[in-house]
Every structure is written in structure tokens, then in C-alpha cells.
Amino acid sequence: MALSGLAFVGFVLGHMYGNLKAFSGHDAFNEYAHHLRELGEPMLPHMGFIWIMRGGLLLALIIHVACAIELTRRAKKARPVKYVVKKHTGAIPASRLMRWGGLTLFLFIVWHLVNFTFGKVNVQGGSTDDPYNLLVDTFDVWWMTLIYLAAMAMLGAHLHHGVWSSMQTLGLTGTAEARARVKTISFAIAILIAGGFSLVPIAVLTGLIER
């Protein structure tokens, strides 16, 4: 679960970088999107890199979800009788959101793919063949931006605890100094990614990015 989660961290960092290309304007953003389709040619077929990435992410998702289900099953088996009083002894809010936060993010990812990748749904009824214009049309609708920002807040919470847990699982928190360092890193990664993803929809809604 730790390794598949870290694979997703690497992906969302790259995805965030691509999204920020929107600040460079219509042509730069669309050129980046087009470049991804041609990346690796002629060694790879057209769209080959993207389909390899999709396959890898799908495998990581299956592993991540399967591990989450197995860990939940083990926890229930270890404690078949619920506590009479359940106390959150020092647990940060992000850690208590992991299970439902993961489910929320999964549902958001499904919609995100329908919106921008497979279905390409333009909520304003406009064309869907231009990546930059589809992005602007989507986030120019206030409730779409609100949904996206809520999902990014959940992503930040998931990353905050997830990165920490991954480092702990991999044995990188053995000393007080190491734990403090990993806590700082996990918090910084959460803020960087959630904040970076949030910049584009906010910029579109406020008119800083426009068609």
C-alpha cells in the first residue's frame, strides 16, 4: 500500500506541473497536451506513453484498494468487538479521514476522467476537442470549481497522512529527528500538490486565466 501510494504521489506531481501550463496560455497548454500523446515516438506508438501510464496507474490503484480492504479486514478480525468508548488518542484529523477520503477521491477521479479524458463533458455545452478551452469552460462554472477545490482539500489530507504512513512503513521514521523530518516533508507535499492543483481553477474563476 505504501509503494502504490508513493507511485500516485509521483504521478500527481507530474500532473500538477502539466496543469500549471495553463498559466502560459492556450497554445502552451495545448502543445504540452499534444506532446504527451507523441512522447516516446517512434519507439512507442502514438499515445503509447499515455497508455503505459494509464496501465501502471490502474495497477497501482488496484493494489492500493486491495491493500486497503485487506488491512481493514485484518483490523476487524483483530478486534471483532467494537470499543464501548472510542477515543482519538492523538490522531490527526487527516488520519481519521483516510478511508472515507480515499473513497471520495476515487469517485472524484471517475468524474475527472469523464470530464476531461474519456467522456470529455463540457458542462457549458461547448466543444470538447480543445483541452485548454475545455479546462476554462469547466472551471468558469462556480460549482465545478467548488467540487474540485473540495476534492483537492481531501487530497491534501490524504497525502498528509499517507506520505507519513508510507515513510513509517518503509522504516524511515526510526528516530525522533527522522519522524520530525518526515512530518515536515509530508505536510509540505500535501500543501504543494493540493495548493498547486487549486491554483488553476481559482485563476479561471477569478478571470486570471481565460479563453
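Residues numbered from 1 in each chain as written. Predicted model: local features only at pLDDT ≥ 70, side-chain atom pairs only at ≥ 80, totals over all residues. Heavy atoms only, no water.

Moving on, we come to the nonpolar core. Leu 135, Ile 193, Phe 197 and Ile 209 are the most contacted members of the largest nonpolar core, which has 30 residues in total. For this core, the elements supplying multiple residues, two or more each, are α1 (2-19), α5 (98-116), α6 (131-139), α7 (142-169) and α8 (176-205). Those residues in contact with Ile 209 that lie beyond four places of it in its chain are Ala 22, Phe 23, Tyr 132, Val 136, Val 200, Ala 203 and Val 204. (Core = buried A, V, L, I, M, F, W, Y, C linked by side-chain atoms within 4.5 Å. Buried < 20%, exposed > 50% of the residue type's maximum accessible area, 1.4 Å probe, protein only. Helix = DSSP H or I, 4+ residues; strand = E, 2+ residues; numbered from the N terminus. Contact = heavy atoms within 4.5 Å.)

The next subject is helix α3 (residues 48-78). Taking 1.5 Å as the rise per residue, α3 with 31 residues should run 45 Å; its terminal C-alpha atoms sit 45 Å apart, in good agreement. Gly 48, Ile 50, Leu 57, Ala 60 and His 64 are the residues of α3 that are buried. (Expected span 1.5 Å × (residues − 1).)

For α8, built from 30 residues, the straight-helix expectation of 44 Å at 1.5 Å per residue is met to within 8% by its first-to-last C-alpha distance of 43 Å. Of all the bends found along α8, the most pronounced is centred on Leu 199 and spans about 25°, while Pro 201, a proline, follows it within four residues. (Bend = angle between axes of the 7 residues up to and from the residue.)

A few words now on the environment of Leu 205. Here Leu 205 lies in helix α8. Spatially, the C-alpha atoms of Leu 205 and Leu 172 are 41 Å apart, while their sequence positions differ by 33 residues.

What follows is about the packing of α1 against α8. Two numbers describe how α1 lies on α8: the axes approach to 9 Å, and their chain directions differ by 35°. Both α1 and α8 take part in a crossing whose hand is left-handed. Contacts between α1 and α8 pair Val 9, Val 12, Leu 13, His 15, Met 16 and Asn 19 from the former with Ile 189, Leu 192, Ile 193, Gly 196, Phe 197 and Val 200 from the latter. Looking at the contact of α1 with α8 residue by residue, the class counts come to 9 nonpolar, 3 polar and no charged. (Axes fitted to C-alpha atoms, helices over the stretch in contact; angles between N-to-C directions. Left-handed = near helix turned anticlockwise from the far one by under 90°. Nonpolar A, V, L, I, M, F, W, Y, C, P; charged D, E, K, R; others polar.)

This part takes up the packing of aromatic side chains. Across all of its chains, the model carries 5 aromatic pairs by this definition. Residues Phe 108 and Tyr 148 carry aromatic rings whose centres are separated by 5.6 Å and whose planes lie at 70° to one another, so their mutual orientation is edge-to-face. Taken as a pair, Phe 108 in helix α5 and Tyr 148 in helix α7 lie far apart in primary sequence, 40 residues in all. Relative to Phe 139, the ring of Phe 116 has its centre 6.1 Å away and its plane inclined at 40°; by these criteria the two rings are tilted. Linking Phe 116 in helix α5 with Phe 139 in helix α6, this pair joins segments that are 23 residues apart in sequence. Residue classification places Phe 139 among the buried positions, given a relative accessible area of 4%. (Phe/Tyr/Trp six-rings, centres within 6.5 Å; stacked < 30°, edge-to-face > 60°.)

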